Amino acid sequence: MNDITFRALIVEEYEPNKFRRFIGKKSVSQLPDGEVLIKVIYSSLNYKDALSARGHKGITRNYPHTPGVDASGIVVESNSSKFKVGDEVLVTGYDLGMNTSGGFGQYIRVPDKWVVPLPKGLTLLESMIYGTAGFTAGLCVYAFLEKGIKPDSGKILVTGATGGVGSLAVAILSKLGFYVVASTGKLEKTEFLQKLGAKEVIHRSEVYEPSGKPLLPRKWIGVVDNVGGITLSTAIRSTDYDGVVASVGLVESPDLNITVYPFILRGVSLVGIDSAETKMDKRLKIWEHLATDWKIDFNGIWREVSLDDLDKEIEKILRGEQVGKVVINLWNK
Ligand SMILES: NC(=O)c1ccc[n+]([C@@H]2O[C@H](COP(=O)([O-])OP(=O)(O)OC[C@H]3O[C@@H](n4cnc5c(N)ncnc54)[C@H](OP(=O)(O)O)[C@@H]3O)[C@@H](O)[C@H]2O)c1
């Protein structure tokens, strides 16, 4: 195949530890090795993408770089027996968008073991409304169900509820009949959260208890925590007997100061969620659920932007101001 030139968001380190980003041209011949070349139709914006786009050596070691941990599109070249030209596929996680040129470019080339066939029941667009955020929310739901938590077991707390993972977790859990309490810093978005199915919307200060008391009154049977720090510690200390806390994110802090009491006196489980390296058999199972029995009504939870609009959306997610999901249409100007 002749070399193809394409548009991408490029993040450049113009002086040591000083970064700038712009929409520029790249060519397919510059992409890393891999069995599958994919024409990216949609990507989606995640907090991690914004960190990479701002310049973050913990996420992306080498610049210039194109972020984007999510991509859905069409196979245009394949040296894999698993995929053929024309297949609709998606990729989330692994090294995509970290040190491998990511979904904020019109083409990616990746190993076949990262590629998921687009599940029946989802369009390329819908798969990116979910993206890593929806897949991660799905992993939390899976962890609750695996540990025997049912819709009538008690209340589920979702922190950072208006964000990507948060809003999709609220929507999926509500769809499955769970009683969801959404914690947010944006009480003005209460109606948005109620439309997703939240039964209660509380201010994030209500789940922020810095006293260090080892145990707090029991409130939750499950927690999806996107923020870490004192909020995660409060959530663990407030979880009921045999409850499950899924630790997803760190927008507040990566620190966690707790005692063992919630674990040994209440049987609380702390479950770590790592969407990037989820094994393929579990990955396929989660996507299958997202496309069928867990499939949500996508109305009102997402917005489409073009590559040219991406810069301001990146700034907004870094300020914690995004609501729901931002989907990038790579071919819309
Ligand atoms: N473990 C995994 O596999 C995995 C996968 C995806 C994401 N993550 C992590 O999960 C987190 C959420 O990711 P995302 O893409 O959903 O990001 P996001 O869309 O920016 O959502 C984060 C939400 O957290 C809340 N928030 C922001 N700053 C806060 C602060 N200082 N204190 C408390 N709450 C704050 C805001 O919601 P409210 O205003 O509603 O409170 C914000 O919308 C990130 O840390 C990300 O790195 C982990």
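Residues numbered from 1 in each chain as written. Predicted model: local features only at pLDDT ≥ 70, side-chain atom pairs only at ≥ 80, totals over all residues. Heavy atoms only, no water.

(A) Highlighting the sheet that holds strand E11 (residues 220-225). Taken in spatial order, the six strands of this open sheet run E10-E9-E8-E11-E12-E13, and their pairing is parallel. Since the sheet does not close on itself, it has two edges, and those belong to strand E10 (200-203) and strand E13 (269-272), each with one partner. Direction aside, the axes of adjacent strands within the sheet are offset by 20° on average. Summarising the sheet, strand E8 (residues 155-158) and E11 pair through three bridges and their orientation is parallel. Within E11, the residue paired with Ile-156 across the bridge is Gly-222. Across the sheet, helix H3 (residues 164-175) touches E8, strand E9 (179-184) and E11, and the angle it forms with E8 is around 160°. (Pairing = 2+ DSSP bridges. Helix = DSSP H or I, 4+ residues; strand = E, 2+ residues; numbered from the N terminus. Axes fitted to C-alpha atoms, helices over the stretch in contact; angles between N-to-C directions. Contact = heavy atoms within 4.5 Å.)

(B) Broad picture of the site of the ligand. Near the ligand you find 27 residues, and of these Thr-162, Gly-164, Thr-184, Ile-273 and Ser-275 are the closest. Ala-161 is positioned such that a nitrogen or oxygen atom in its backbone is 3.4 Å from an oxygen atom of the ligand. Between the ligand and the protein, one listed contact pairs an oxygen atom with a backbone N or O atom of Leu-250 at 3.0 Å. Compared with its free state, where it exposes 910 Å², the ligand has 86% of that area covered by protein. Listed by contribution, the elements that provide at least two residues to the shell around the ligand are helix H2 (124-146) and H3. (Near = heavy atom within 4 Å. Polar contact = N/O pair within 3.5 Å; in protein donor to acceptor, adjacent residues only side chain to side chain. Areas by Shrake-Rupley, 256 points an atom, 1.4 Å probe, with all protein chains shown as cover.)

(C) Broad picture of the packing of aromatic side chains. Counted by the stated rule, this structure contains seven aromatic pairs. Considering the side-chain rings of Phe-19 and Tyr-63, the 4.8 Å spacing of their centres and the 65° angle between planes classify their relative orientation as edge-to-face. Here Phe-19 is found in strand E2 (residues 18-27), whereas its partner Tyr-63 is found in the loop between helix H1 (47-54) and strand E4 (70-78), with 44 residues between them in sequence. Each member of the pair, Phe-19 together with Tyr-63, is buried. Measuring from ring centre to ring centre gives 5.8 Å for Phe-135 and Trp-287, while their planes differ by 10°; the resulting arrangement is stacked. (Phe/Tyr/Trp six-rings, centres within 6.5 Å; stacked < 30°, edge-to-face > 60°. Buried < 20%, exposed > 50% of the residue type's maximum accessible area, 1.4 Å probe, protein only.)

(D) Spatial organisation of the packing of H2 against helix H7 (residues 280-291). The contact between H2 and H7 brings their axes to 9 Å, and the two run at 110°. Viewed along their axes, H2 and H7 adopt a mutual orientation that is roughly perpendicular. Along its contact with H2, which presents Ser-127, Tyr-130, Gly-131, Gly-134, Phe-135, Gly-138, Leu-139 and Tyr-142, the element H7 presents Lys-282, Arg-283, Lys-285, Ile-286, Trp-287 and Leu-290. Residue composition of the contact of H2 with H7, by class: seven nonpolar, four polar and three charged. (Parallel < 35°, antiparallel > 145°, perpendicular 65-115°, else oblique. Nonpolar A, V, L, I, M, F, W, Y, C, P; charged D, E, K, R; others polar.)

(E) Up close: H7. Relative to the 16 Å expected for 12 residues at 1.5 Å per residue, H7 spans 16 Å between its end C-alpha atoms, a close match to the ideal helical length. Buried within H7 are the following residues: Arg-283, Ile-286, Trp-287, Leu-290 and Ala-291. The buried side chains of H7 occupy one side of the element, clustering within an arc of 135° when seen end-on. Buried residues along H7 sit against strand E5 (88-92), strand E7 (116-117), H2 and H3. (Expected span 1.5 Å × (residues − 1). Arc of directions from axis to C-beta.)

(F) Geometry of the pattern of salt bridges. Overall, the coordinates contain 16 salt bridges when judged by the stated rule. Here Glu-126 ties to Lys-295 by a salt bridge, and the two come within 3.2 Å at their closest N and O atoms. Of this pair, Glu-126 sits in helix H2 while Lys-295 is found in the loop between H7 and strand E14 (302-306), placing the two residues 169 residues apart along the sequence. Among the residues examined, Lys-295 registers a relative accessible area of 23% and is labelled partly exposed. Between Arg-218 and Asp-240 there is a salt bridge whose closest N-O contact spans 3.0 Å. With a gap of 22 residues between them, Arg-218 in the loop between E10 and E11 and Asp-240 in strand E12 (residues 239-247) connect regions that are remote in the sequence. If you follow the salt bridges from partner to partner, you end up with Arg-21, Asp-311 and Glu-315 in one network. (Salt bridge = Lys/Arg side-chain N within 4 Å of Asp/Glu carboxyl O.)

(G) Summary view of the pairing of E13. The alternating pattern of E13 places Ser-269 and Val-271 on a buried face, while none of Leu-270 and Gly-272, on the opposite face, is buried. In this structure, E12 lies alongside E13, joined through four bridges in parallel fashion. If you follow Val-244 over to E13, its bridge partner there is Ser-269.

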